[in-house]
Amino acid sequence: MPFSTIIDDLAERGWSLQSSFLSSDVTRKLADECRRRDTEGALAPAGVGRGEEQTVREGIRGDHIHWLEAGQAEVCDAYLALMDELRQTLNRELFLGLEEFECHFALYPPGAFYQTHLDRFRDDDSRCISAVLYLNPHWQPSDGGELRMHFGDGSKLDIPPLAGDLLMFLSADFPHEVLVTHADRLSLTGWFRRRPADVLAL
């Protein structure tokens, strides 16, 4: 796995894009699992905010999500194991103190989007690195759905959600948005987390 390139990218610029991070076969199996859960009604509209204060606001975000847990599906367990291996590598090379990786399937139906936001909450610094794995074979430019990263110098970068590609970035440093999609857009969206600073201080 291209862990060394990810480490170098994160250290030098704070983000990394790895094309074909997973094989087409594994990516297809993950996409099939996402669609299976959607067919069974497991995916629910994502909320804005956190905890009991979450509210569904489709004018801000329109994706449907379902969280991964160990033991749900073999292909998901393999992905979680891989990301835990990456977590340990990040800790060893960058001394980040990451304690866990959490992620969910995200399905954006046609017409859905997600307005510009940061992945870290104002009062909770536990999310350290965001990781998005795309699950969309045969994606076309006309399908839209790019993730647009906003940089401190005012520039932007649009990243198409191509199957097998992995995007990682420092959660607190890069505002980003999902542009309107014109086809079902599937991904695994997750975060490497560490203990919040207020917990470490206790």
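Because the structure is a prediction, the values reported are computed rather than measured.

> For this particular structure, what's the right way to read the state of the cysteines?
Two cysteines whose sulfur atoms are joined by a covalent bond form what is called a disulfide. Throughout the structure, instances matching the rule amount to zero disulfides. Cys 76 supplies the cysteine sulfur nearest to Cys 103, a cysteine that is in no disulfide, at a spacing of 7.7 Å.

> Help me understand the sheet that holds strand E1 (residues 15-18), please; the structure alone is not making it clear to me.
Note on sheets: strands pair through backbone hydrogen bonds, and any given pair is parallel or antiparallel. Strand order in the open sheet made by the seven strands is E1-E9-E6-E11-E4-E3-E2, with antiparallel pairing throughout. The open sheet has two edge strands with one neighbour each: E1 and strand E2 (44-45). Strands E1, strand E6 (127-134) and strand E9 (166-170) of the sheet are contacted by helix H1 (residues 3-13), whose axis makes an angle of about 150 degrees with E1. Sheet strands touched by helix H2 (residues 24-39): strand E3 (64-67), strand E4 (100-108), E6 and strand E11 (185-193). Its angle to E4, the strand with the most contacts, is close to 70 degrees.

> Help me out: how do you make sense of the sheet that holds strand E8 (residues 156-159) in this one?
Here we have four strands laid out as an open sheet, ordered E5-E10-E7-E8, and antiparallel in their pairing. Each having just a single partner strand, strand E5 (114-117) and E8 make up the two edges of the open sheet. Here the average twist between neighbouring strands, direction ignored, is 15 degrees. Strand direction decides the pairing type here: E5 and strand E10 (residues 176-178), joined by two bridges, are antiparallel.

> When you look at the pattern of salt bridges in this model, what are you seeing that I'm missing?
Side-chain pairs of opposite charge can arise whenever the charged atoms involved come near each other. Following the criterion strictly, the structure yields 15 salt bridges and no others. Across the pair Asp 84 and Arg 87 runs a salt bridge whose closest N-O atoms are separated by 2.8 Å. Taken together, the positions of Asp 84 and Arg 87, both in helix H3 (residues 74-94) and three residues apart, correspond to about one turn of that helix. Taking the relative accessible area as the measure of exposure, Arg 87 reaches 14% and is therefore buried. A salt bridge links Asp 158 to Arg 148, with the nearest nitrogen and oxygen atoms 2.7 Å apart. Taken together, the residues Asp 158 in strand E8 and Arg 148 in strand E7 (residues 147-150) connect sequence positions ten residues apart. When its relative accessible area of 34% is taken as the criterion, Asp 158 is described as partly exposed. Here the residues in one salt-bridge network are Asp 25, Arg 28, Lys 29 and Asp 32, joined through shared partners.

> Teacher, can you tell me more about the environment of Ala 112 here?
Here Ala 112 lies in the loop between E4 and E5. Note: C-alpha distance between Ala 112 and Ala 183 (71 residues apart in sequence) is 9.2 Å. When residues no more than four places from it in sequence are discounted, the contact partners of Ala 112 are Gly 62, Leu 179, Val 180 and Thr 181.

> Explain the nonpolar core here, please?
In summary, soluble globular proteins display a tendency toward joint burial of nonpolar side chains. Leu 90, Met 168 and Phe 192 are the most contacted members of the largest nonpolar core, which has 36 residues in total. Listed by contribution, the elements that provide at least two residues to this core are H1, H2, H3, E4, E6, E9 and E11. With eight residues, H3 is the single largest residue contributor to this core. Excluding residues that lie within four positions of it along the chain, Leu 90 makes contacts with Ile 7, Leu 10, Phe 95, Leu 96, Leu 98, Ile 129, Met 168 and Phe 192. Counting nine residues, the second-largest nonpolar core is a separate cluster that includes Val 132, Leu 147, Met 149 and Phe 174.

> How should the side chain of His 104 be read in this particular structure?
Structurally, His 104 can be placed in strand E4. Residue classification places His 104 among the buried positions, given a relative accessible area of 3%. With near-sequence residues (within four places) excluded, His 104 lies in contact with Ile 65, His 66, Trp 67, Leu 68, Ser 187, Leu 188, Thr 189 and Trp 191.

Rules used throughout
Residues numbered from 1 in each chain as written. Predicted model: local features only at pLDDT ≥ 70, side-chain atom pairs only at ≥ 80, totals over all residues. Heavy atoms only, no water. Disulfide = S-S within 2.5 Å. Pairing = 2+ DSSP bridges. Helix = DSSP H or I, 4+ residues; strand = E, 2+ residues; numbered from the N terminus. Contact = heavy atoms within 4.5 Å. Axes fitted to C-alpha atoms, helices over the stretch in contact; angles between N-to-C directions. Salt bridge = Lys/Arg side-chain N within 4 Å of Asp/Glu carboxyl O. Buried < 20%, exposed > 50% of the residue type's maximum accessible area, 1.4 Å probe, protein only. Core = buried A, V, L, I, M, F, W, Y, C linked by side-chain atoms within 4.5 Å.

Just distances and angles here, no functional claims.
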